[in-house]
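Topology and contacts: notes
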Amino acid sequence: RAELATARQTNPFDTSIEYLYGFGLYMTGDKTAGIAAIQTLMAIPFPQPDWYHVLPFLHAFNEENYTEALALAERIQHFGYWGEMARCVSYFRLGQTERSLRELQALFQYNSTLLNSQNSDNRSIFSHEALKKVLFTLQEIKQLIPR
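These figures come from a predicted structure and were not determined experimentally.

Looking at helix H5 (residues 66-73)
Among the residues making up H5, those that are buried are Tyr66, Ala69, Leu70, Leu72 and Ala73. Viewed along the axis of H5, the buried residues span an arc of 165°, placing them on a single side of the element. Lining the buried residues of H5 we find helix H4 (54-62) and helix H6 (82-93).

Things to note about the packing of aromatic side chains
In total, this model carries eight aromatic pairs according to the counting rule given. Centre to centre, the rings of Tyr19 and Trp51 are 5.1 Å apart; their planes meet at 85°, and the pair counts as edge-to-face. In this pair, Tyr19 sits in helix H2 (residues 15-27) while Trp51 sits in the loop between helix H3 (31-42) and H4, placing the two residues 32 residues apart along the sequence. Judged by relative accessible area, which is 30%, Trp51 ranks as partly exposed. Ring centres of Tyr81 and Trp82 lie 6.3 Å apart, and the angle between their planes is 15°; on these two criteria the pair is classed as stacked. One cation-aromatic arrangement involves Arg8 over Tyr21; the distance from NZ or CZ to the ring centre is 3.7 Å.

Digging into the pattern of salt bridges
Tallied over the full model, the rule gives five salt bridges. Between Arg93 and Glu140 there is a salt bridge, with the nearest N and O atoms lying 2.9 Å from each other. Pair noted here: Arg93 is in helix H6 and Glu140 is in helix H9 (residues 132-142), with a separation of 47 residues, a long-range link. Relative accessible area serves as the criterion here: at 38%, Glu140 is assigned to the partly exposed category. Residues participating in the shared-partner salt-bridge network are Glu84, Arg87 and Glu103.

Section: the nonpolar core
Among soluble globular proteins, nonpolar side chains are generally buried collectively. By size, the foremost hydrophobic cluster in this structure holds 35 residues, and its most contacted members are Phe57, Met85, Phe126, Val134 and Leu138. The set of elements that each furnish at least two residues to this core consists of H2, H3, H4, H5, H6, helix H7 (97-110) and H9. With six residues, the single largest contributor to this core is H4. With residues up to four places along the chain from it excluded, the contact list for Phe126 reads Met85, Leu114, Leu131, Lys132, Val134, Leu135 and Leu138.

Scoring rules and cut-offs
- Residues numbered from 1 in each chain as written.
- Predicted model: local features only at pLDDT ≥ 70, side-chain atom pairs only at ≥ 80, totals over all residues.
- Heavy atoms only, no water.
- Buried < 20%, exposed > 50% of the residue type's maximum accessible area, 1.4 Å probe, protein only.
- Helix = DSSP H or I, 4+ residues; strand = E, 2+ residues; numbered from the N terminus.
- Arc of directions from axis to C-beta.
- Contact = heavy atoms within 4.5 Å.
- Phe/Tyr/Trp six-rings, centres within 6.5 Å; stacked < 30°, edge-to-face > 60°.
- Lys NZ or Arg CZ within 6 Å of the ring centre and 35° of its normal.
- Salt bridge = Lys/Arg side-chain N within 4 Å of Asp/Glu carboxyl O.
- Core = buried A, V, L, I, M, F, W, Y, C linked by side-chain atoms within 4.5 Å.

Dropping the structure here:
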């Protein structure tokens, strides 16, 4: 927290530092302050990179605000497989199963072993509490795929 505060003071006009400050607060347990910092940053009119929308998506999804989660997920277009994953779980929770399955297929094109529990990378990706609901939802969707 002290390092993030120092970075913010060093260059108060660097939006990536401000994002990392909010991200750091959120991921270390101060969700309210973290998401507030990111939402303040997101209110500034500038072209925000795709990855700026990942944590706000996770927050909305975890708060069960699936309409907002989907709106944020749709803004993640060019950031690995995060957009597909975010849209997949959001569509599913909104009852749009077919669209969810299409996104899951696109997601598996990026990473075919994403939901394989033997893959140690997956255990680390989904190990944080903020991603637990996403993981459980992906596993639920995977059960709908005909074998």
